[in-house]
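Summary of structural features
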Amino acid sequence: MGGPRGAGWVAAGLLLGAGACYCIYRLTRGRRRGDRELGIRSSKSAGALEEGTSEGQLCRRSARPQRGGTWESQWSKTSQPEDLTDGSYDDVLNAEQLQKLLYLLESTEDPVIIERALITLGNNAAFSVNQAIIRELGGIPIVANKINHSNQSIKEKALNALNNLSVNVENQIKIKIYISQVCEDVFSGPLNSAVQLAGLRLLTNMTVTNDHQHMLHSYITDLFQVLLTGNGNTKVQVLKLLLNLSENPAMTEGLLRAQVDSSFLSLYDSHVAKEILLRVLTLFQNIKNCLKIEGHLAVQPTFTEGSLFFLLHGEECAQKIRALADHHDAEVKEKVVTIIPKI
């Protein structure tokens, strides 16, 4: 390549490289401000908690529109590049800023910069317009690549960002190729860890519709294992995911075939926390409803002893649910009243 045109391309390349180097310099300089600031910024990591719908508890960043209705950007206040991973950056990033942030995330090896960039992307992905922009910029595989990172905090932030991006149905088409890897991380990683919870939240979002639920078919027994061994927060998140699956008649047989320890029935005891008790009752109700759908499981399959089928259809389960008719909580009693005719 030669002549004025070639010189123009060379100049553009030098300008891009200089801009990226300056951005990295700003980020590295910002890191020296101390662990105090980083601790505050990391607490803003975005995550969505789903419960059978796409309405999650997203960490939404505040946006300050100008009087004219356009977004007020801190980039317009200075002639120098803004630190886009600064936790105090309150504006919604535009497409150009998101592209620069994705380039930085893809090109740097600095774990502190990676984590801060993922937090910023995750927060911005809480806005529907940015969910589409990040996808169109090719950002989903860039973010998803970080779930392979050895740093557990980076892995968590990447999962959180994907979680917010997954609220967009078109984004789910690109995210679904990572479901198996997320499942492996959830079931092989430390119990009750931040990574496990972030992975469960992403899987919950990905199963709000029936489109990708079949990809979890071989992990149902593992889900019940985590349900029984996890703490309260983990139990609730697993149940949210199981409730999504239980509403789909195509998943009913897989749920009933799952090998589940008999301690599962203890979740129907009256002393169990309400947020858990209501969900296990709804799980029972959903499965029973799916079994009654005309034509579904018309040929009764053979369920082995120790399966969820045997637990839910046993007398012990029926007795526990009937006993909850006298529960002190009105919501639990109301739920039991609707279930007892199905026993």
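Structure: above.
On a predicted model such as this, the values are computed, not experimentally measured, just so you know.

1. So, the overall build of the protein
Along the backbone of the protein there are 17 helices and zero strands. When burial is assessed residue by residue, the protein has 50% of its 343 residues classed as buried. Restricting to contacts in the protein with at least 6 residues of sequence separation, those with at least 24 account for 71%. As presented, the protein carries roughly 16400 Å² of accessible surface, and 53% of it is formed by carbon and sulfur atoms.

2. Notes on the side chain of histidine 212
Topologically, histidine 212 is positioned in the loop between α10 (194–206) and α11 (220–229). Classification of histidine 212 as buried rests on a relative accessible area of 7%. Not counting residues up to four positions away in its chain, the partners in contact with histidine 212 are Gln172, Lys176, Ile179 and Met206.

3. Some thoughts on the packing of helix α7 (residues 152–165) against α10
Where α7 meets α10, the closest approach of the two axes is 9 Å, and the angle between their N-to-C directions is 15 degrees. Here α7 lies roughly parallel to α10, going by the angle between them. Relative to α10, α7 is oriented so that their crossing is left-handed. Contacts between α7 and α10 pair Gln152, Lys155, Glu156, Leu159, Asn160, Leu162 and Asn163 from the former with Ala194, Val195, Ala198, Gly199, Arg201, Leu202 and Asn205 from the latter. For the contact of α7 with α10, a count of residues per class yields six nonpolar, five polar and three charged.

4. So, α11
Within the sequence span of α11, burial applies to Ile220, Leu223, Phe224, Val226 and Leu227. Taken down its axis, α11 places every buried residue within 160 degrees of arc, on the same side. Where α11 is buried, its residues touch α9 (179–188), α10, α12 (232–246), α13 (252–257), α14 (274–291) and α15 (308–312).

5. A few points about the environment of serine 193
By the element assignment, serine 193 lies in the loop between α9 and α10. With 41 residues separating them in the primary sequence, serine 193 and glutamine 152 have C-alpha atoms 9.5 Å apart. A polar contact is formed between the side chain of serine 193 and the backbone oxygen of proline 190, at a distance of 2.9 Å.

What counts and how
Residues numbered from 1 in each chain as written. Predicted model: local features only at pLDDT ≥ 70, side-chain atom pairs only at ≥ 80, totals over all residues. Heavy atoms only, no water. Helix = DSSP H or I, 4+ residues; strand = E, 2+ residues; numbered from the N terminus. Buried < 20%, exposed > 50% of the residue type's maximum accessible area, 1.4 Å probe, protein only. Contact = heavy atoms within 4.5 Å. Areas by Shrake-Rupley, 256 points an atom, 1.4 Å probe, with all protein chains shown as cover. Axes fitted to C-alpha atoms, helices over the stretch in contact; angles between N-to-C directions. Parallel < 35°, antiparallel > 145°, perpendicular 65-115°, else oblique. Left-handed = near helix turned anticlockwise from the far one by under 90°. Nonpolar A, V, L, I, M, F, W, Y, C, P; charged D, E, K, R; others polar. Arc of directions from axis to C-beta. Polar contact = N/O pair within 3.5 Å; in protein donor to acceptor, adjacent residues only side chain to side chain.

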